[in-house]
Amino acid sequence: MLLLAAVWPAGCFAAEASKDVELSLPRPLGPGDTAIVEITLGALGRGQEVSVTTASGMPLGTISPFGLRAGADAGTYALPVPKETIKDGRLSVHLSISQPGGSRTPTALEVRGIALKLAPQR
Amino acid sequence: MTSAALAAAGTMLPSGPSRAAAKYRRYNVTSAEGQKMLASYAKGVAAMLQLPASHPQNWFRNAFIHLMDCPHGNWWFYVWHRGYLGYFEQSIRALSGDDNFALPYWDWTELPEIPAGMFDGVLTPADKAYQPFTANLAVFTSFIKPALTDYWNGLSKDQRGQLAIRGYKSIDDLWNDVTGFSPSAKAGISGNEAFATTCASRYLSRDNPKLDAKTAYDVSAFVIMAGLLPTDFYNSDNYLSFTSSRTASHNDQPNGTTKFSTLEGLPHNKVHNYIGGVGPLDPGPYGNMTNFLSPVDPIFFLHHSNMDRLWDVWTRKQQRLKLPYLPEGADLKTFSDEPFLFYADGKGGYVGPSKAGDYISTDRFDYDYAPGFGENIVGPPAVAAAPRAKPQQGSVKANTGTVKIPGEALEAHLAAAGPQPLMAQITLPRPTGYSTVREFDILVNAPPGVTQVAADSPYYAGTIAFFGSMMPGMVMSADATFAVPLPKKQEAFAALRAAPNQPLSIRVVPSGGIGAAPTLKALSVGPLRQ
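Note that the structure is a prediction, hence the values are computed from the model and not measured.

*Asks:* Could you clarify how one ought to interpret the overall build of chain B in this entry?
*Replies:* A tally of regular secondary structure across chain B gives 15 helices and 15 strands. Residue burial in chain B is summarised as follows: out of 530 residues, 58% are buried. Across chain B, contacts joining residues at least 24 apart in sequence account for 76% of those joining residues at least 6 apart. For chain B, the exposed area adds up to about 20300 Å²; of that, 56% sits on carbon and sulfur atoms.

Right, dumping it as structure tokens:
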């Protein structure tokens, strides 16, 4: 089954979002395409960052919100994905959020949505 | 293009279009010319530090322009900072005595560490020259706040209006962002404090100059090249957009609706925060670069010079591809007419009202860039520019979406050689907290009696999945929009080809056939690119 997007609804607890997330491409990757992980964040504490890696630990980017008023949701970000990390149209990603002294799994209020998309190249 | 090839494309020899020579050239800070510029930069910073707090070119007053007016997370991010840097460059030119001064840029992709010269003297905010002003918050307050209050009291109605949008209805509101005081919490929040003491003004040091691995990734060749690839100045899908969200005002602060472009959202933000100590210094207070008094740290201007260079690279790439490099039509007027009211000029006065459109071109400040990372993307176009089509807006009735597709677009979609399928944008509400159905199949032109399909059905266009369980008692009001490529299956479109005036229909049904169909909210169909 083709999963077009995975969305974390607000209201879930951290324990419910502790697994890696498997994403699927909306269509096969073309030669000129760039795959993008689009991730929507809720409110984070000042200085908190969301790190995104593949399930095997390859970094896909760290989102470090800047210029937000305290309490504001952090918005949506686009992280390019190396093609070689996508297998059979699927990508498994691992999310973590920083906190003083370490990191933990983000809650569904902190990571509200995530999807794998394609940007065609010109 | 593989990630390695994508990254390598940025390191080839530059081959950009020829332009009339600019009067000033911004060099890579690591070059001999860039190092020479650093010496002049230091002279200018030292001079600005010595100006009284009432002077518009005082070093800290210059930083307050950023705190009071900088846009982030919207499509004026680049153009506002171009104006800010341009006037600042004029100030350094005037105050350093170097008539040829141009801001060097820090190409963090090629050098993922703070350039060594930026730890010398006044080029670090930890230098003793800053001590008389930033030794502690009380010292800073007594130095700057009276003059800032006088300035505030003399602001125009229009300026006050823009500050109100920003959340600053009084000087005290503004000052709360300096101290980190939260009126709602009735307490200070260390990480929100824009002020930084001299000794804690920058996390990175001469002995520890390198960006950490995560920040280095966000400035890596792969990420930067991907950020340069979008062909739209603005697109509501941020992964297709060079700029971040379109907002009503450049002073609208980022929030949950903000969509950050790759370049602003990753390298720009991460470099700011890491230099200020986000991560190692959690939960703050942080150095200057993490908050809106970031221009107190001289590295700010080298960082933003590189961001501005990447905009210039992207613009010239668009020009070579004969693609728009600005918003089009009425959007261009909206973009260009945005008032910028707070700049100080290079002569020690205020610029007065100006507009975003005044700063679109580098010609405004007569400069260009020595080539840096990404320049090769300006090279000859790999493909000819192709016409683009707007999505066809559909309508929804009885929970079925319909949309008319031009015959030629349909044939192009079905052509085996056509790499880009038609894309349906489907909007539906998130399931409520009590819903047990999380996945929905998309049906294209399915006969009315078809309510369940297998993946090999000609009418099947994929499945929308809502991830995670819903919280009972919570009604989610937010809708979600999904981009769904339509299948290239002849059978699904056979009736449509026989009767071209008939609309294409789309339904959303529970995957597995059990449960209620969601309420389809909106539908449009169009090619991502022709």
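*Asks:* Please clarify how the packing of aromatic side chains should be interpreted in this entry.
*Replies:* To describe a pair of aromatic rings, one takes the distance between the centres and the angle between the planes. Residues and elements named next belong to chain B. Overall, the coordinates contain 43 aromatic pairs over all chains when judged by the stated rule. Taking the centre distance of 6.1 Å and the plane angle of 80° together, the rings of Phe60 and Phe143 count as edge-to-face. Of the two residues, Phe60 sits in helix H3 (residues 59-69) while Phe143 sits in helix H6 (residues 137-153), which places them 83 residues apart along the sequence. Aromatic side chains Trp75 and Trp76 sit 5.7 Å apart centroid to centroid with 75° between the ring planes, which places their arrangement in the edge-to-face category. Per residue, the accessibility class of Trp75 equals that of Trp76, and both read buried. For Arg61, the ring lying beneath its charged end belongs to Tyr151, and the centroid distance is 4.8 Å. Here Arg309 stacks its cationic end above the ring of Tyr105, 4.8 Å away from the centre of that ring.

*Asks:* Which parts of the structure should I look at to understand the nonpolar core?
*Replies:* Soluble globular proteins tend to pack their nonpolar side chains together in the buried interior. Counting 100 residues, the largest nonpolar core has Tyr41, Trp59, Phe64, Leu67, Leu174 and Leu228 of chain B as its most contacted members. What Leu228 of chain B contacts, discounting residues up to four positions off in sequence, is Phe242, Leu263, Leu310, Val313, Trp314, Lys317, Gly374 and Ile377 of chain B. Counting 31 residues, the second largest nonpolar core, distinct from the first, contains Val50 and Ile114 of chain A together with Phe260 and Leu266 of chain B.

*Asks:* Sorry if this is basic, but what is going on with the confidence of the model for chain B here?
*Replies:* Looking at chain B as a whole, the pLDDT averages 86, with 85% of positions reaching at least 70. Of the regions scoring below 50 in pLDDT, residues 433-438 of chain B engages in 17 contacts with residues more than four places distant in sequence or in other chains.

*Asks:* Would you mind going over the sheet that holds strand E2 (residues 33-43) of chain A with me for this structure?
*Replies:* Across a sheet, paired strands are connected by hydrogen bonds in the backbone, their directions being either parallel or antiparallel. Residue and element names in this part refer to chain A. As summarised here, the arrangement of the three strands in space is E5-E2-E8, forming an open sheet in which the pairing is antiparallel. Edge positions in the open sheet fall to strand E5 (73-81) and strand E8 (111-120), since each of these has one partner strand only. Strand-to-strand twist across the sheet, computed as the mean angle between neighbouring axes with direction ignored, equals 20°. In terms of strand pairing, E2 meets E5 through eight bridges, oriented antiparallel.

The rules behind each value
- Residues numbered from 1 in each chain as written.
- Chains lettered and ligands numbered in written order.
- Predicted model: local features only at pLDDT ≥ 70, side-chain atom pairs only at ≥ 80, totals over all residues.
- Heavy atoms only, no water.
- Helix = DSSP H or I, 4+ residues; strand = E, 2+ residues; numbered from the N terminus.
- Buried < 20%, exposed > 50% of the residue type's maximum accessible area, 1.4 Å probe, protein only.
- Contact = heavy atoms within 4.5 Å.
- Areas by Shrake-Rupley, 256 points an atom, 1.4 Å probe, with all protein chains shown as cover.
- Phe/Tyr/Trp six-rings, centres within 6.5 Å; stacked < 30°, edge-to-face > 60°.
- Lys NZ or Arg CZ within 6 Å of the ring centre and 35° of its normal.
- Core = buried A, V, L, I, M, F, W, Y, C linked by side-chain atoms within 4.5 Å.
- pLDDT = per-residue confidence, 0-100.
- Pairing = 2+ DSSP bridges.
- Axes fitted to C-alpha atoms, helices over the stretch in contact; angles between N-to-C directions.

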